[in-house]
Amino acid sequence: LFALLAAWPGRRLLAGVSVAWPQASGADVAAFLERWRFSRWALLQQAYHALHELVLAAWYARPDSWPAIGYPGPPALG
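A brief report on the enclosed structure follows. Everything quoted here is computed from the prediction, not taken from an experiment.

Observations regarding the overall build of the protein
Helix and strand content of the protein: 5 helices and 0 strands. If you list the helices and strands of the protein from N to C, you get α-α-α-α-α. Taking 78 residues into account, the globule formula puts the C-alpha radius of gyration at 12 Å, and the protein, at 16 Å, lies well above it. The principal-axis extent of the C-alpha atoms belonging to the protein is close to 50 × 30 × 20 Å. When burial is assessed residue by residue, the protein has 21% of its 78 residues classed as buried.

Set out below in structure tokens:
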């Protein structure tokens, strides 16, 4: 999925974003995600949910995000 979205043809045809991701506006990215989230094609909905879960997992795995959710961190062993 990441390789497909990284390449211009996949990004343009599937996501509707014609510029590289660093140059894409927040509105372009939000629109792409909303199109996939509510797509009539189950495959695009599944791809949206996969991206969503990966982003959430990456955020929750960062120790600097734990205070925002009140998580004290893993228990100390030993």
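Overview of helix H4 (residues 42–61)
Its 20 residues place the ends of H4 28 Å apart at the C-alpha level, agreeing with the 28 Å of an ideal helix rising 1.5 Å per residue. Turning to H4, its buried residues number three or more, namely Leu 44, Ala 47, Tyr 48 and Leu 51. Buried residues in H4, looked at end-on, bunch into an arc of 100 degrees, giving them a common side. When the buried face of H4 is taken as reference, the exposed residues oriented beyond 90 degrees from it are Leu 43, Gln 46 and Ala 61. On its buried face, H4 sits against helix H1 (2–6) and helix H3 (26–37).

About the thresholds
Residues numbered from 1 in each chain as written. Predicted model: local features only at pLDDT ≥ 70, side-chain atom pairs only at ≥ 80, totals over all residues. Heavy atoms only, no water. Helix = DSSP H or I, 4+ residues; strand = E, 2+ residues; numbered from the N terminus. Rg over C-alpha atoms; globule rule 2.2 N^0.38 Å. Buried < 20%, exposed > 50% of the residue type's maximum accessible area, 1.4 Å probe, protein only. Expected span 1.5 Å × (residues − 1). Arc of directions from axis to C-beta. Contact = heavy atoms within 4.5 Å.

No statement about biological role is implied by the geometric values presented.
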